[in-house]
Amino acid sequence: MEKKDIIQSFKDSLFTGFIALALFGPIVGLRTASKGEGLFITPQWGVVFLLVGLCILGRFLINLNSARTTEFTIFSKLASKFSAITEDKAKHFAITAILFAVVFPFLPFTDRYFMDVAIMILTYIMLGWGLNIVVGLAGLLDLGYVAFYAVGAYSYALIATTFGWSFWICLPLAGLFAAFFGILLGFPVLRLRGDYLAIVTLGFGEIIRIILINWYEVTNGPDGITGIPRPSFFGLPFKRSPDEGETSFHLFFNLEYSTMHRIIFLYYLILVLALITNYFTLKIRKLPVGRAWEALREDEIACKSLGVNPTNTKLTAFAIGAMFGGFAGSFFATRQAFISPESFTFIESAIIVAIVVLGGMGSQTGVVLASIFLIGITEMFRDLEQYRMIAFGGAMVLIMVFKPKGILANRKPTILMHGDKK
Amino acid sequence: MEYFIQQLVNGITLGSIYGLIAIGYTMVYGIIGMINFAHGDIFMIGAFVALISFIIFGLTGVALPIILLLVLLIAMLFTACYGWTVEKLAYKPLRGSFRLAPLISALGMSIVLQNYVQVAQGARVKPMQPLISGGLEFFKNSEFIVTVSYLQIFIVILTIILMGIFTYLITKTDLGRAQRACEQDRTMTALLGINVDRTISITFIIGSSLASVAGMMFVLYYGVIDFYIGFLAGIKAFTAAVLGGIGSLPGAMLGGLLIGLIETMWSGYVSIEYKDVAAFSVLIIVLIFFPTGFLGKPDIEKV
Amino acid sequence: MSNLLSVENLTMKFGGLTAIDDLSFDAKNNQITSIIGPNGAGKTTVFNCLTGFYKPTNGQMFLHKEESKISLRKYTDFKIAYVAKVARTFQNIRLFPAMSVLENLLVAQHNKLMVASGYSLYGLLNLKTYRDKEQLAVDKAKYWLDIIGLTHRADDNAGDLPYGDQRKLEIVRAMCIEPRLLCLDEPAAGLNPRESAELNKLLKFIKTEKQTGILLIEHDMSVVMGISDHVVVLNYGKKIFEGTADQTKNSKEVIEAYLGVDE
Ligand SMILES: Nc1ncnc2c1ncn2[C@@H]1O[C@H](COP(=O)(O)OP(=O)(O)OP(=O)(O)O)[C@@H](O)[C@H]1O
Ligand SMILES: [Mg+2]
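Residues numbered from 1 in each chain as written. Chains lettered and ligands numbered in written order. Predicted model: local features only at pLDDT ≥ 70, side-chain atom pairs only at ≥ 80, totals over all residues. Heavy atoms only, no water.

Moving on: empty space enclosed by the protein. All names here are of chain B. All chains considered together, the criterion is met by 2 cavities of 30 Å³ or more. The computed volume of the largest cavity comes to approximately 110 Å³. Considering the residues around the largest cavity, the lining is formed by 13 residues, among which Y25, F37, F231, G234 and I235 are closest to the centre. When contributions to the lining of the largest cavity are tallied by element, the ones reaching two or more residues are helix 2 (39–60), helix 4 (101–121) and helix 9 (229–244). (1 Å grid on protein atoms, 1.4 Å probe; cavity = no way out; pocket = protein on both sides within 12 Å on 5 of 7 lines; lining within 4 Å. Points joined across faces, edges and corners; volume = space filled by probe spheres on them. Helix = DSSP H or I, 4+ residues; strand = E, 2+ residues; numbered from the N terminus.)

This is the structure:
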């Protein structure tokens, strides 16, 4: 590298540092804290200088690598290699993953905490797969998906607590309710352009949450709904001492009572629900509706010129996505036995969107990887919750910049004329 | 009647704040055709910078007007840096990418900014003692006394001044012309030797500075902020931009006023709990029935 | 030969600009009717009105079917292709680039396949009736791919095809909806002479073998003169000439419109 270039990139790095100082100076450097009456400032210049230093150094290193594109290419090469591998071994990967998921509860190191995390990851996988129909296949950016999750959870909770019906009746009802809400919202808004749709769905999600908070008579407001019935194993409840005339799970199977039984049951429940979602999506993608969804994502005008009804087609995607959201919501309600509006904030929607986008729009495997990565790994840094969210948002930006189609973006045709050549 | 006038005054004040934020949405939309999701958070950062500067200057005992002016300039300067950086990092590389990419990137940026401020400044709400107190009272002998506080007058006048400067910038200067040219056809503008990147950067800088002024007003008006204020205010301001006709600058201001009025009237006469539902419902209704807003251009898809 | 399409007093205004001004013409069954004219003459706008993308300010468009006629004004966007069976291509190619060639042709048969799949129910149950109908759709796609010689690329992404092949694919995709009227917007744009000749052959084939009338916008005169049965010339939205290819070639008005007049 020539001397001139080095000086140039040095100047450039200094400029970066200058900007970084302006960015971090006030917000990081001057921390406000309340003491007694008012607010006081606690300076934190050390952190600022550290951050600024890192920015300068980072910039300088990037510049030293002269061609600015190198780090881009390395990154995307890695990513495409990765997706090529997973693509080749897709079948093996899926089978291994499912087998692993099936035996997971009985592995020696699996404890209560692992099970809880696994259930959470599976819930997000299911939500991701549900939303993948809407965002990944149909290309409709839905930022209010949590609304359908909430509708599912609340309708499950209300039906179950009011009528005392069993999980297997309430679950489909909750899904239907959510789908109904999907149609109700979708009908007027699906004509809108992509970005407007995003904002409107976001608004809808917030409306649902505000209603849940304020409609005391039905939803019990911010206090939420308690005492939601736990699921039973085909009529056998998971209780230490069952009621008069009832047999509980451990008595029936002659086992020592353990709370793990219920957890394991819940684990398999969500695993099955998620796999149903996956199976359904994989199937419907290969049907005419599924193809029309993807065609709409590619070019809506061309679709119209071929006689595809855009509104109805999008509506089915929206309703089906909402239905799976509703199923996941029911599961959430029965697992927690308690729900409140707090669980259904915008950030949940954002997380689910992030899972779909990061995994690779339309890729089912991508959703699994992204969920494990985002929920699982960061779960270990629970105490660093806020840093986790920064990393999270940052990852969304980075992926869009370097690999806008997501990590696993290799789409396979839904039908082949010449069969698999490999 | 008196009550109505009071709500009207409050609504106009609130509307000024929304209007100033809405300009940022509308300008960015006009020039690069994307919804800058992170703009609400830029506003929030502006509010924090203002709050911090108020605390610092509050200790020095300088006269109030000077404090106001200094804080205004500082907030604009530092917040503009954020707007500029966000554009460079998260949007510029995505020009010409597939259509949802910038939106998702903006969403990610919004999450980053929110949590960054939460980490840096703490999650608690930040209260501030009122700086400008007192006001004018009208209808003294009726049972409801209408108060127009000095603060409200300050906010409205400042908004009018800024709007004046801003309108001059856009309509009378080279910068404004370059900006409008970019809106029409970016490639052609570049061919004519105008630095498109710089024009876009400046758009973000102006939008962010105006948002930071709104942030300062918000601190003064409500006296309490937290890292989450950008979300709601952002959505409402976006609604304002759409209501006025996205891409139209007077429209943004008009829309801001309308949203401010709708919100105060709704809280005053209907229900305060559902005041945010009002804003969201307006958003949905407007987008469905008048997607071009009041002052927007009709948008026929060229095929 | 019987009338297929009649356009009566069509007018389209965009604000102050009159893109089409009181235009009337007919197109006949099994004929190629070309619409030519300088840039900005309003040709694409005529197509957009016919295919429901714009709502004309004034005027009528009728599609004749045996004794009856249907008014195209009554149908909006997707219904034009679905109900009235008018298909079109676009001046800037609009394929589904990330989908395979075969998938592109299957989307064109969407409505038929939707019914065949029992609105997805039979499809989800994997019934034989659906599988058979899907096979028919694939066969039809193969039929058209054989004609344009792209069968070997059926499983590749449409966006990966060379430009000329994309043009041809877009035309046969439109043919897959079994249209009565096919509107082609500058199909020869960007093609080399060999590809142009192939295009001529394809259009002649469609005209004679399929019961389809063709409306063709084209700047390439070798295409227009080679295959048109009838030519309509537009300038500034007005019809300035109408006649056979030969008549058009020798018309003074047309030459003036293209080359300008010496004052
Ligand atoms: N959606 C629209 N809004 C405003 N003006 C339009 C619109 N669509 C077309 N026009 C105008 O109508 C006129 C005719 O345009 P059109 O695209 O029909 O021309 P054309 O004959 O197809 O030209 P070309 O040969 O360049 O394709 C042009 O002046 C164009 O700018
Ligand atoms: Mg044209």
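So that's the structure; there's more coming.
Before going further, it helps to spend a moment on the environment of E66 of chain C. Position of E66 of chain C relative to the elements: it lies in the loop between strand 4 (58–65) and strand 5 (68–71). Along the chain, E66 of chain C and A189 of chain C lie 123 residues apart, while their C-alpha atoms are 34 Å from each other.

This next bit is on the pairing of strand 10 (residues 238–243) of chain C. Residues and elements named next belong to chain C. Here 5 bridges tie strand 9 (residues 230–235) to strand 10, and the two strands are oriented antiparallel to one another. Paired with N235 across the bridge in strand 10 is K238. Between strand 9 and strand 10, which pair antiparallel and follow one another directly, the connecting turn spans 2 residues, one of which, Y236, has a positive phi of 45°. (Pairing = 2+ DSSP bridges.)

What follows covers the site of ligand 1. Every one of the 16 residues lining ligand 1 counts as a neighbour, but G40, K43, T44, T45 and Q91 of chain C are closest to it. Neighbouring residues of ligand 1 are not confined to one chain but are distributed across chains B and C. Between ligand 1 and the protein, one listed contact pairs an oxygen atom with a side-chain N or O atom of T44 of chain C at 2.6 Å. In this structure, an oxygen atom belonging to ligand 1 sits 3.4 Å away from a side-chain N or O atom of E186 of chain C. Starting from 630 Å² of accessible surface for ligand 1 in isolation, the protein chains cover 75%. Of all the elements in the fold, those that place two or more residues in the shell around ligand 1 are strand 2 (17–28) and helix 1 (43–50) of chain C. The greatest single-element share of the shell around ligand 1, amounting to 3 residues, is contributed by helix 1 of chain C. Residues belonging to the shell around ligand 1 are distributed by class as follows: 6 nonpolar, 7 polar and 3 charged. (Near = heavy atom within 4 Å. Polar contact = N/O pair within 3.5 Å; in protein donor to acceptor, adjacent residues only side chain to side chain. Areas by Shrake-Rupley, 256 points an atom, 1.4 Å probe, with all protein chains shown as cover. Nonpolar A, V, L, I, M, F, W, Y, C, P; charged D, E, K, R; others polar.)

Let us look at the sheet that holds strand 5 of chain C. Residue and element names in this part refer to chain C. With respect to topology, 4 strands assemble into an open sheet ordered 2-1-4-5, the strand pairing being antiparallel. Because the sheet does not close on itself, it has two edges, and the strands there are strand 2 and strand 5. Each strand axis lies, on average, 20° off the axis of its neighbour in the sheet, ignoring direction. With 4 bridges connecting them, strand 4 and strand 5 associate as antiparallel partners. (Axes fitted to C-alpha atoms, helices over the stretch in contact; angles between N-to-C directions.)

Residues and elements named next belong to chain C. Splitting chain C by domain gives domain 1 (3–85 + 178–259) and domain 2 (95–165). Look at where the C-alpha atoms of domain 1 and domain 2 centre, and you get two points 28 Å apart. At the boundary of domain 1 and domain 2, one finds 1 salt bridge. Among the salt bridges present, the one from K140 reaches E178, with a minimum N-O distance of 2.7 Å. For the pair domain 1 and domain 2, the interface holds 2 residue pairs in polar contact (both at pLDDT 80 or more). The leading source of residues in the side of domain 1 that touches domain 2 is helix 8 (residues 193–209), at 4 residues. The class makeup of the residues in the side of domain 1 that touches domain 2 is 6 nonpolar, 1 polar and 3 charged. (Domains from an automatic or database assignment. Salt bridge = Lys/Arg side-chain N within 4 Å of Asp/Glu carboxyl O.)

Below, the discussion takes up helix 8 of chain C. All names here are of chain C. Here helix 8 contains 17 residues, and its C-alpha end-to-end distance of 24 Å stays within 8% of the 24 Å for a straight helix at 1.5 Å per residue. Three or more residues of helix 8 are buried, namely E195, S196, L199, N200, L202, L203, I206 and K207. Projection of helix 8 onto a plane perpendicular to its axis shows the buried side chains occupying an angular sector of 165°, all on one side. In helix 8, the exposed residues that point more than 90 degrees away from the buried face are P193, R194, K201 and E209. Residues of helix 8 that are buried sit in contact with strand 3 (32–36), helix 6 (128–148), helix 7 (163–175), strand 7 (181–185), strand 8 (213–217) and helix 9 (221–227). (Expected span 1.5 Å × (residues − 1). Buried < 20%, exposed > 50% of the residue type's maximum accessible area, 1.4 Å probe, protein only. Arc of directions from axis to C-beta. Contact = heavy atoms within 4.5 Å.)

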